[in-house]
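One letter stands for each residue in the lines below.
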Amino acid sequence: MQVREKLLMLLCTLFLTILCCGVGYADTHPACTGGQQHEFESHILKLNSEDSEGLVENVCTLCGYTYIEHLPATGHHYGDWKVVEERPESGIRIERRECQGCHRGEVRTVRIELTSPDSDPAQESEPGFNRMDFVLSASIGGVWGCTIAALWYNSLVFNWYKRESAKALKRR
């Protein structure tokens, strides 16, 4: 019963490691029945753009094996922000930038710091310790630590399973 539990633990750990790490089995295609290796011909089903992903159908000219490949969206490539309008009386500035590929525009409103004539720029305080940076780095470190611990434990269980299997084979 103990061997069965450890084998189940090994399988669960392996499954969770693959699921959490985003690592799957290698992309393999079935063997080509028409020759040594596949010779693919590609057909664009949907062209990718800044906002949407594309699809490409790959067909082997020798055996007819087909698979569909997803092309990621390219994303917008925005230029620098340019001042469109400045309103010092209300303390705001309107800025705009646009994508260099499709000319899609973005507009933002920025609050302007009103400076009084008697303010001293040397007395402005420097930003202190940012707590959110610490929380973010600690959480990322925790994720890496848990991943390393799971992989280490998985290797221990796997090595134990190999030893037990070798012992069981020697007993036969």
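Coordinates for the structure precede this section.
Report on the accompanying structure. Counting of residues starts from 1 at the beginning of each chain's written sequence and follows it residue by residue. Reporting of local features is limited, given that this is a predicted model, to residues whose pLDDT is at least 70; pairs of side-chain atoms are given and counted only at 80 or more, and all residues count toward the totals for whole chains, interfaces and linings. As a convention, hydrogens and water are excluded, and side-chain values are obtained from all of the structure's heavy atoms.

Quick look at the pairing of strand β6 (residues 105-111)
Judged from the seven bridges that link them, strand β5 (residues 92-98) and β6 form a sheet pairing that is antiparallel. From the neighbouring strand, Arg-97 faces β6, where its bridge partner is Glu-106. Two strands make a pair as long as DSSP finds a minimum of two bridges between them. Elements are defined by DSSP. Helices are runs of H or I of four residues or more, strands are runs of E of two residues or more, and each kind is numbered from the N terminus. In this structure, the hairpin formed by β5 and β6 is closed by a connection of six residues, where His-103 is found at a positive phi of approximately 65 degrees.

Let's talk about the sheet that holds strand β4 (residues 82-87)
Taken in spatial order, the three strands of this open sheet run β4-β5-β6, and their pairing is antiparallel. Where the open sheet ends on each side, the last strands, each with one partner, are β4 and β6. Pairwise comparison of adjacent strand axes, ignoring direction, gives a mean angle of 20 degrees for this sheet. Axis angles are defined between N-to-C directions and span 0 to 180 degrees, where every axis is a line fitted to C-alpha atoms and, for a helix, only to the segment in contact.

A closer look at the packing of aromatic side chains
Two rings from Phe, Tyr or Trp (for Trp, the six-membered ring) form a pair when their centres are within 6.5 Å of each other. A pair whose planes differ by under 30 degrees is stacked, one over 60 is edge-to-face, and the rest are tilted. A complete count under the given rule lists three aromatic pairs for this structure. Three or more aromatic residues link up through ring pairs in this structure, and these residues are Phe-40, Tyr-65 and Tyr-67.

Quick word on the pattern of salt bridges
Two side chains bearing opposite charge may form a pair once their charged atoms approach each other closely. By definition here, a salt bridge exists when the distance from a side-chain nitrogen of Lys or Arg to a carboxyl oxygen of Asp or Glu is within 4 Å. Overall, the coordinates contain seven salt bridges when judged by the stated rule. The partner of Glu-85 in a salt bridge is Arg-87, with the nearest N and O atoms 2.8 Å apart. Type-normalised accessible area, obtained with a 1.4 Å probe on protein chains alone, sets the label of each residue: buried when under 20%, exposed when over 50%, and partly exposed for intermediate values. Here Arg-87 falls in the partly exposed class, since its relative accessible area comes to 29%. Here Glu-98 makes a salt bridge to Arg-96, at a shortest N to O gap of 3.7 Å. Ionic contacts of the salt-bridge type, sharing partners, join the residues Arg-93, Glu-95 and Arg-108 into one network.

So, the pairing of strand β2 (residues 54-60)
With burial as the criterion, only one face of β2 is covered, namely that bearing Gly-54, Val-56, Asn-58 and Cys-60; the residues Leu-55, Glu-57 and Val-59 on the opposite face remain uncovered. Here strand β1 (residues 40-46) runs beside β2; their pairing, made up of six bridges, is antiparallel. Residue pairing for β2: Glu-41 is matched across the bridge by Val-59. Bridge analysis of β2 against strand β3 (residues 66-71) gives six bridges, and the strand direction is antiparallel. In the sheet register, Val-59 faces β3, and the bridge partner there is Thr-66.

Considerations on a nonpolar patch on the surface
Patches here: salt-bridge-free residues with over 30% relative accessible area, like charges joined within 9 Å, nonpolar side chains (Val, Leu, Ile, Met, Phe, Trp, Tyr) joined within 5 Å. The Shrake-Rupley method, run with a 1.4 Å probe sphere, supplies the accessible areas, and residue values consider only the shown protein chains as cover. Judged by side-chain polarity, Met-9, Trp-152, Tyr-153 and Leu-156 come together as a nonpolar surface patch covering roughly 420 Å² of accessible area. Top contributing element to the nonpolar patch by residue count: helix α2 (residues 131-171), with three residues.

Notes on the sheet that holds β1
If you walk across this open sheet you meet the three strands as β1-β2-β3, and the pairing is antiparallel. A single partner strand is all that each edge strand has here, and the edge strands are β1 and β3. Across this sheet, the average inter-strand angle for adjacent strands is 25 degrees, counted without regard to direction.

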